[in-house]
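Here is what each chain is made of, one letter per residue.
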Amino acid sequence: LSEMASVAVNLKAASAFLNQGRVDWQLRETVFAQVMRELTAKRVLPQVFRQKWQARAFKVVLKGEPGGTAASGDDASSLYHEVLEVLVRELHSRALPLLVPCPNARRG
């Protein structure tokens, strides 16, 4: 990859979706779905994840921020880490039908 891929993510919309307790069967609403949809459309998978140790796989641009402008995620990669944290939380939630809970998780 000559240039780092950029991914636009709407954290507020994803958070609102998760708070409703719904399941993202169509993979459209969650942060995971937004990231995968953009990376797939840009045809950078799977090579985008083959990075040097502690290097970012993509840039994050926020959508849906006040004022209608997108905020760039180049500031010390905190936005990138926030997006990854939300993405992993979604993977472990019931919002994404991708992982099957183990018996201990099903019992609560």
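Data block above holds the structure.
The text that follows walks through the structure, step by step, so that each part is easy to find.

## Let's talk about a nonpolar patch on the surface
Stage number 1. On the surface, a cluster of nonpolar side chains totalling about 250 Å² of accessible area is made up of L27, L98 and L99.
Stage number 2. Relative to the assigned elements, L27 resides in the loop between α1 (11–19) and α2 (31–41).
Stage number 3. The partly exposed category is assigned to L27, whose relative accessible area is 34%.

## Quick notes on the pattern of salt bridges
Stage number 1. Tallied over the full model, the rule gives 2 salt bridges.
Stage number 2. Among the ionic pairs, K42 bridges to E38, the shortest N-O distance being 3.7 Å.
Stage number 3. A relative accessible area of 38% means that K42 is categorised as partly exposed.
Stage number 4. Since its relative accessible area comes to 18%, E38 is described here as buried.
Stage number 5. Here E85 and R89 are joined by a salt bridge, their closest N and O atoms 3.1 Å apart. Of this pair, E85 and R89 both sit in helix α3 (residues 78–91), separated by 4 residues, roughly a single helical turn.

## As for the nonpolar core
Stage number 1. With 21 residues, the main nonpolar core has L11, V31, V35, L39 and F58 as its most contacted residues.
Stage number 2. Top element by residues in this core is α3. It accounts for 5 residues.
Stage number 3. Look past the residues within four positions of V35 in its chain and what remains in contact with it is V7, V9, F58, V83 and L87.

## A few points about unusual backbone geometry
Stage number 1. The linkage connecting L45 with the following residue, P46, adopts the cis geometry, with an omega of -5°.
Stage number 2. Within the element layout of this structure, P46 appears in the loop between α2 and β2 (59–62).
Stage number 3. Even without a glycine there, the phi angle at L27 is positive, about 50°.
Stage number 4. At R43, a residue that is not glycine, the phi angle is positive and equals roughly 55°.
Stage number 5. Positionally, R43 belongs in the loop between α2 and β2.
Stage number 6. For R43, a relative accessible area of 72% corresponds to the exposed category.

## Remarks on α1
Stage number 1. Every buried residue of α1 is listed here: L11, A14 and F17. Down the axis, α1 shows its buried residues gathered within 125° of arc, on one side only.
Stage number 2. If you follow the buried residues of α1, they end up packed against β1 (6–9), α2, β2 and α3.
Stage number 3. The backbone nitrogen of K12 lies 3.3 Å from a side-chain oxygen of the residue at the head of α1, namely N10.
Stage number 4. Immediately beyond the C-terminal end of α1, within one or two residues, lies G21, with a positive phi of roughly 75°.

Calculation notes
Residues numbered from 1 in each chain as written. Predicted model: local features only at pLDDT ≥ 70, side-chain atom pairs only at ≥ 80, totals over all residues. Heavy atoms only, no water. Patch = residues over 30% accessible without salt bridge, like charges linked within 9 Å, V, L, I, M, F, W, Y side chains within 5 Å. Areas by Shrake-Rupley, 256 points an atom, 1.4 Å probe, with all protein chains shown as cover. Salt bridge = Lys/Arg side-chain N within 4 Å of Asp/Glu carboxyl O. Helix = DSSP H or I, 4+ residues; strand = E, 2+ residues; numbered from the N terminus. Buried < 20%, exposed > 50% of the residue type's maximum accessible area, 1.4 Å probe, protein only. Core = buried A, V, L, I, M, F, W, Y, C linked by side-chain atoms within 4.5 Å. Contact = heavy atoms within 4.5 Å. Arc of directions from axis to C-beta. Polar contact = N/O pair within 3.5 Å; in protein donor to acceptor, adjacent residues only side chain to side chain.

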